[in-house]
Amino acid sequence: MARSMWKGAISFGLVHIPVDMYPAVESKGLDLTMLDRRDFSPVGFKRYNKSNGKEVSWDDIVKGYEYESGEYVVLSDEDLRRANPEATQTIDIQAFVQAEEVPLIYYDQPYYLAPGKGGAKVYALLRETLREAGKIGIARVVIRVKQHLAALVCVGDTIVLNTLRFPDEMRDPDELKIPSPNSKTAAVTVKELKMAMALVEGMSEDWEPGQYHDTYREDVLAMVKKKIKARQTKTITEPEPEKEKRTTGKVIDLVALLQASLGKKPAKAALAAMAEDDDDDDDDPPPRKSKKPSEDDDDDDNDDVQVPRGRKAPARAPSRLNASAKSTRATASKSAAKPAAKVAAKPAAKKTATKAVAAKKAPAQRKKAA
């Protein structure tokens, strides 16, 4: 562990806990050095006097506050400490709140707090109190001449101080064009939401931070090894001719994209529920009630063919996929209705002809009887 960067105490009420502060994170970025492309020599930075251009050593550098243009008040570290000794040496807890009440956007930088000399007992008391209450401490602390709002959080057996951003440091999101839930152009249909939920279920897993790492840094270091092996350490790779930029158009069918995504990581339970809903939508229509036969109907009425009717699609949220399905069903219903209507017309014509012949024969039979 590195050297402590701050020594002081946690204070709440009359409780005083001596602690040392340590950085909780370290940068793993690529440490690239600027080089002169003419001979590949490192390019350095000089601390120089802007009046005479001469270099200034660290021992000769002091801090100052510019109160007028070109006029400064010199402030040493001791001056900064004396301005408010208590603020610079104390993590002063102002209140205890529920952790979920502080939005994640306010969290800034974490630091480990370890008990100082003689502070193990009270450190453990505060830790167990935070753990038992399920709360975090909101405090003020000065780090490197800047006062911070901070949250004291119990993480395992360690108390972590996480600096928070002040509300006036947060930008107002109202300046951004964020779609509202009632927006007509960004309205989400029930089917889209259901499929998105299925995708989330399929990608849900336990939090395992060890499986995440900086893959881009690894790729760059692999390229460095490749260039060393190929003896191309001094080769400057020029950019290739720029390809046509892909134009970002509107999403044609969001449902189709969600279906394709579900094909990669399906959520069985959610997909099963969706399948059941689709099965319910495709149920056969109820049978038509048979028409009560009239006295004039002949015995061959059983030969009549009923014309099938296109069933109505269930009410759904509008989408292009539904519109396409409706048009397909309507076309199928029309094509099925035409031949069925012709078949139904033939028996009806036969009945009419039979009745006409019977009407002609009736007078002749009456004459013979007379």
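Since this is a predicted model, take the numbers as computed values, not measurements.

Visitor: Can you explain the pattern of salt bridges? Please cite residues and give values.
Guide: Counted according to the given criterion, the structure contains 10 salt bridges. Salt-bridge contacts for Arg38 lead to Asp36; the nearest nitrogen and oxygen are separated by 2.8 Å. The class of Asp36 is partly exposed, set by a relative accessible area of 21%. Note that Asp77 is salt-bridged to Lys63, the shortest N-O span being 3.9 Å. Of this pair, Asp77 sits in helix H1 (residues 77–83) while Lys63 sits in strand S5 (residues 63–68), and the two are 14 residues apart along the sequence. Through salt bridges with shared partners, a single network forms among Arg127, Glu128, Arg131 and Asp157.

Visitor: Please give an account of a nonpolar patch on the surface that cites residues and values.
Guide: A cluster of nonpolar side chains, Leu30, Leu32, Tyr216, Leu221, Val224 and Ile228, forms an exposed patch at the surface whose accessible area comes to about 610 Å². Assignment of secondary structure puts Leu30 in the loop between strand S2 (15–23) and strand S3 (35–36).

Visitor: Tell me about the layout of surface pockets, residues and numbers included.
Guide: Quantified by volume, the largest pocket comes out at close to 610 Å³. Along the walls of the largest pocket sit 15 residues, with Leu32, Thr33, Leu35, Val224 and Thr233 positioned nearest its centre. A total of five residues in the lining of the largest pocket trace back to one element, the largest contributor, which is helix H5 (residues 215–229). A per-class count over the lining of the largest pocket returns eight nonpolar, four polar and three charged.

Visitor: Please give an account of H5 that cites residues and values.
Guide: Given a rise of 1.5 Å per residue, 15 residues ought to cover 21 Å, and the 21 Å separating the end C-alpha atoms of H5 matches this to within 8%. At the C-terminal side of H5, Arg231 shows a positive phi close to 55°.

Visitor: An account of unusual backbone geometry is needed here, citing residue identities and associated values.
Guide: One non-glycine residue, Phe40, adopts positive backbone phi at about 60°. Tracing the chain through its elements places Phe40 in the loop between S3 and strand S4 (41–42). For Phe40, a relative accessible area of 29% corresponds to the partly exposed category. Residues other than glycine seldom take positive phi values, yet Val145 does so here, at roughly 60°.

Visitor: Give a detailed account of the sheet that holds strand S7 (residues 90–98), specifying residues and quantitative values.
Guide: A barrel is described by the order of its strands in space; here seven strands give the closed sequence S1-S2-S8-S11-S10-S9-S7, paired in mixed fashion. Between one strand and the next, the sheet's axes are offset by a mean angle of 40°, whatever the strand orientation. In this sheet, strand S10 (residues 146–155) lies alongside strand S9 (residues 135–143) in antiparallel orientation, the contact comprising seven bridges. Paired with Ile138 across the two strands is Ala151, which belongs to S10.

Visitor: Provide a residue-level description of the nonpolar core, including the pertinent values.
Guide: Ranked by internal contacts, the top residues of the largest apolar core, which has 19 residues, are Ile10, Val19, Met21, Ile91, Leu113, Leu152 and Leu161. Not counting residues within four places of it along the chain, the set of residues in contact with Leu113 comprises Ile10, Val19, Asp20, Met21, Ile91, Tyr123, Leu152, Thr158, Ile159 and Leu161. One finds Ile136, Ile138, Leu149 and Phe166 within the second-largest nonpolar core, a separate group that totals eight residues.

Visitor: Got a sec to walk through the packing of aromatic side chains? Specific residues and values, please.
Guide: Counted by the stated rule, this structure contains two aromatic pairs. Centroid distance Phe12 to Phe96: 5.9 Å. Interplanar angle 85°. Geometry classified as edge-to-face. In this pair, Phe12 is assigned in strand S1 (residues 6–12) and Phe96 in strand S7, connecting sequence segments 84 residues apart. The interplanar angle of 20° and the centroid separation of 5.7 Å between the aromatic rings of Trp207 and Tyr212 together place this pair among those described as stacked. When its relative accessible area of 65% is taken as the criterion, Trp207 is described as exposed. A relative accessible area of 49% places Tyr212 in the partly exposed class. The positively charged end of Lys234 is found above the aromatic ring belonging to Phe40, 6.0 Å away from the centroid.

Visitor: Explain helix H4 (residues 190–203) to me, using residue names and the numbers behind them.
Guide: In this model, H4 (14 residues) spans 20 Å end to end at C-alpha, consistent with the 20 Å of a helix rising 1.5 Å per residue. Three or more residues of H4 are buried, namely Glu192, Met195, Ala198 and Leu199. Across the axial projection of H4, the buried residues extend over an arc of 125°, all falling on one side. Of the residues in H4, the exposed ones pointing more than 90 degrees away from the buried face are Val190 and Leu193.

Here is what the cut-offs are and how they apply
Residues numbered from 1 in each chain as written. Predicted model: local features only at pLDDT ≥ 70, side-chain atom pairs only at ≥ 80, totals over all residues. Heavy atoms only, no water. Salt bridge = Lys/Arg side-chain N within 4 Å of Asp/Glu carboxyl O. Buried < 20%, exposed > 50% of the residue type's maximum accessible area, 1.4 Å probe, protein only. Helix = DSSP H or I, 4+ residues; strand = E, 2+ residues; numbered from the N terminus. Patch = residues over 30% accessible without salt bridge, like charges linked within 9 Å, V, L, I, M, F, W, Y side chains within 5 Å. Areas by Shrake-Rupley, 256 points an atom, 1.4 Å probe, with all protein chains shown as cover. 1 Å grid on protein atoms, 1.4 Å probe; cavity = no way out; pocket = protein on both sides within 12 Å on 5 of 7 lines; lining within 4 Å. Points joined across faces, edges and corners; volume = space filled by probe spheres on them. Nonpolar A, V, L, I, M, F, W, Y, C, P; charged D, E, K, R; others polar. Expected span 1.5 Å × (residues − 1). Pairing = 2+ DSSP bridges. Axes fitted to C-alpha atoms, helices over the stretch in contact; angles between N-to-C directions. Core = buried A, V, L, I, M, F, W, Y, C linked by side-chain atoms within 4.5 Å. Contact = heavy atoms within 4.5 Å. Phe/Tyr/Trp six-rings, centres within 6.5 Å; stacked < 30°, edge-to-face > 60°. Lys NZ or Arg CZ within 6 Å of the ring centre and 35° of its normal. Arc of directions from axis to C-beta.

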